[in-house]
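Read off the chains here:
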Amino acid sequence: MRHAVHVRGLRVHTASGTQLVDDVSFTLDEAERVALVGASGSGKSLTAAAVLGTLPVTLNASGAISVCGCDVLPGRLPRSRAGVAAVHQDPSTALNPLLRVGDQLGLVLRAHGTRASVASSAAAALLDEVGFDDPDALLWRYPAELSGGQRQRVCLAIALACRPRLLIADEPTTALDLDTQEQVLDAIERVRQRHGTALMLITHDRRVATTRTDRAIRMAQGRLVDEAADAEG
Ligand SMILES: Nc1ncnc2c1ncn2[C@@H]1O[C@H](COP(=O)(O)OP(=O)(O)OP(=O)(O)O)[C@@H](O)[C@H]1O
Ligand SMILES: [Mg+2]
């Protein structure tokens, strides 16, 4: 089976030499769902950022990462063209407050090769995929006019516009109430199944890890400590 992502000996450290991620190796197969778990500060988000190519410029990374069989440098080149996209914890800061939803989706779609003449219908189709009943009306709304769960589903639609082979979701529902959490996780699962996307789900919620992924990998103090087959713990 082809790998969605293959990480070998990933290290992230500060300019002064403090090791934040230490010799981390793991593989996600195509369409596999894996939870990345571990205590706060254990290095989950930095590991995700190294795979995504969004590490802060103040940090250094080394090791080997391949995405869908292509080698990429760990660190700072955004990976959306390599097939990786992300949804983050706080959808209100992930969206541009000054741009309508349709314009934000249109920018990403056009950057990934969609013609301007069909960008609007493609944006509406993505909003439909993430569960909006009236996608055409939503295109005209600003982020401030949406609920947290709606904003997070817009972020998911934007991530899908990159046609990712791997979706990284870093605590995507922490800021949401329980019902809305389920709605967002359902939307992620639906689009993941439809497109065969691999999922790396960072979560502190054991129930979410167990019910929404196939296995868990655990970090502690920058290292991988074990791999549990059934996402326990
Ligand atoms: N830009 C940075 N410069 C220096 N240290 C950093 C930077 N970003 C994160 N760290 C440190 O690296 C360690 C790992 O951080 P990381 O954000 O990956 O943790 P995490 O496992 O995602 O935690 P949480 O569950 O709270 O989100 C922490 O000790 C954090 O303080
Ligand atoms: Mg984090």
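The rules we used
Residues numbered from 1 in each chain as written. Chains lettered and ligands numbered in written order. Predicted model: local features only at pLDDT ≥ 70, side-chain atom pairs only at ≥ 80, totals over all residues. Heavy atoms only, no water. Helix = DSSP H or I, 4+ residues; strand = E, 2+ residues; numbered from the N terminus. Rg over C-alpha atoms; globule rule 2.2 N^0.38 Å. Buried < 20%, exposed > 50% of the residue type's maximum accessible area, 1.4 Å probe, protein only. Contact = heavy atoms within 4.5 Å. Polar contact = N/O pair within 3.5 Å; in protein donor to acceptor, adjacent residues only side chain to side chain. Near = heavy atom within 4 Å. Areas by Shrake-Rupley, 256 points an atom, 1.4 Å probe, with all protein chains shown as cover. Nonpolar A, V, L, I, M, F, W, Y, C, P; charged D, E, K, R; others polar. Expected span 1.5 Å × (residues − 1). Pairing = 2+ DSSP bridges. Axes fitted to C-alpha atoms, helices over the stretch in contact; angles between N-to-C directions. Phe/Tyr/Trp six-rings, centres within 6.5 Å; stacked < 30°, edge-to-face > 60°. Lys NZ or Arg CZ within 6 Å of the ring centre and 35° of its normal. Right-handed = clockwise from strand over helix to strand, strands pointing away.

1. Focus: the overall build of the protein chain
Looking only at helices and strands, the protein chain features eight helices and ten strands. Rg of the C-alpha trace for the protein chain: 17 Å, near the compact-globule value of 17 Å for 233 residues, within the 12% margin. When each of the 233 residues of the protein chain is scored for burial, the buried share is 51%.

2. Looking at the environment of Arg 212
Position of Arg 212 relative to the elements: it lies in helix α8 (residues 206-212). Separated by 27 residues in the primary sequence, Arg 212 and Leu 185 have C-alpha atoms spaced 7.9 Å apart. The contacts of Arg 212, once residues within four sequence positions are left out, are Arg 33, Glu 182, Leu 185, Asp 186, Glu 189, Leu 199, Leu 201 and Arg 207. A distance of 3.5 Å separates the side chain of Arg 212 from the backbone oxygen of Leu 185, its partner in a polar contact.

3. Notes on the site of ligand 1
Around ligand 1 there are 14 residues in total, and Ser 40, Gly 41, Lys 44, Ser 45 and His 204 lie nearest to it. In the model, an oxygen atom of ligand 1 is placed 2.7 Å from a nitrogen or oxygen of the Lys 44 side chain. Between ligand 1 and Ser 45, the relevant distance is 2.9 Å, taken from an oxygen atom to a side-chain nitrogen or oxygen of the residue. In isolation ligand 1 offers 640 Å² of accessible surface; the protein chains occlude 62% of this area. The greatest single-element share of the shell around ligand 1, amounting to three residues, is contributed by helix α1 (residues 44-52). In terms of residue class, the shell around ligand 1 is made up of five nonpolar, seven polar and two charged.

4. Observations concerning helix α6 (residues 148-160)
The end-to-end C-alpha separation of α6 is 18 Å, in line with the 18 Å expected for 13 residues at 1.5 Å each. Burial of α6 is extensive: eleven of the 13 residues sit out of reach of the surface. Those residues of α6 lying buried are Gly 149, Arg 151, Gln 152, Arg 153, Val 154, Cys 155, Leu 156, Ala 157, Ile 158, Ala 159 and Leu 160.

5. A few points about the sheet that holds strand β4 (residues 59-67)
Here four strands make up an open sheet; going across it, the order is β2-β1-β4-β5 and the pairing antiparallel. Every interior strand has two partners, whereas the edge strands, β2 (19-29) and β5 (70-72), have only one. Recorded for the sheet is a direction-independent mean angle of 5 degrees between the axes of neighbouring strands. Of the pairings in the sheet, the one linking strand β1 (residues 3-14) to β2 comprises seven bridges and is antiparallel in character.

6. Some words on the environment of Arg 33
Along the chain, Arg 33 falls in strand β3 (residues 33-38). For the pair Arg 33 and Met 200, spaced 167 residues apart in sequence, the C-alpha to C-alpha distance is 6.1 Å. With residues up to four places along the chain from it excluded, the contact list for Arg 33 reads Glu 189, Arg 192, Leu 199, Thr 211, Arg 212, Thr 213, Asp 214 and Arg 215. Looking at Arg 33, its side chain comes within polar contact range of the side chain of Glu 189, at 3.4 Å.

7. Here we look at the packing of aromatic side chains
Taken as a whole and assessed by the stated rule, the structure comprises zero aromatic pairs. We note Arg 153 situated over the ring of Phe 132; from NZ or CZ to the ring centre the distance is 4.3 Å.

8. As for helix α4 (residues 116-129)
End to end, α4 covers 20 Å across 14 residues, agreeing with the expected 20 Å (1.5 Å per residue, within 8%). Taken together, the buried residues of α4 touch α3 (101-111), α5 (135-138), α6 and α7 (178-195). A positive backbone phi angle near 100 degrees is found at Gly 131, which sits one or two residues after α4.

9. A short note on the pairing of strand β7 (residues 166-170)
Burial runs high along β7: five of the five residues are buried. What you see with β7 is no split at all: Leu 166, Ile 168 and Asp 170 on one side and Leu 167 and Ala 169 on the other are buried throughout. As paired strands, strand β6 (residues 84-87) and β7 are joined by four bridges and run parallel to one another. Bridging across to β7, Ala 86 finds its partner in Ile 168. As judged from the five bridges shared by β7 and strand β8 (residues 198-202), these two strands associate in the parallel manner. Paired with Leu 166 across the two strands is Ala 198, which belongs to β8. Between the parallel pair β7 and β8, the chain is carried across by α7, and the sense of this crossover is right-handed.

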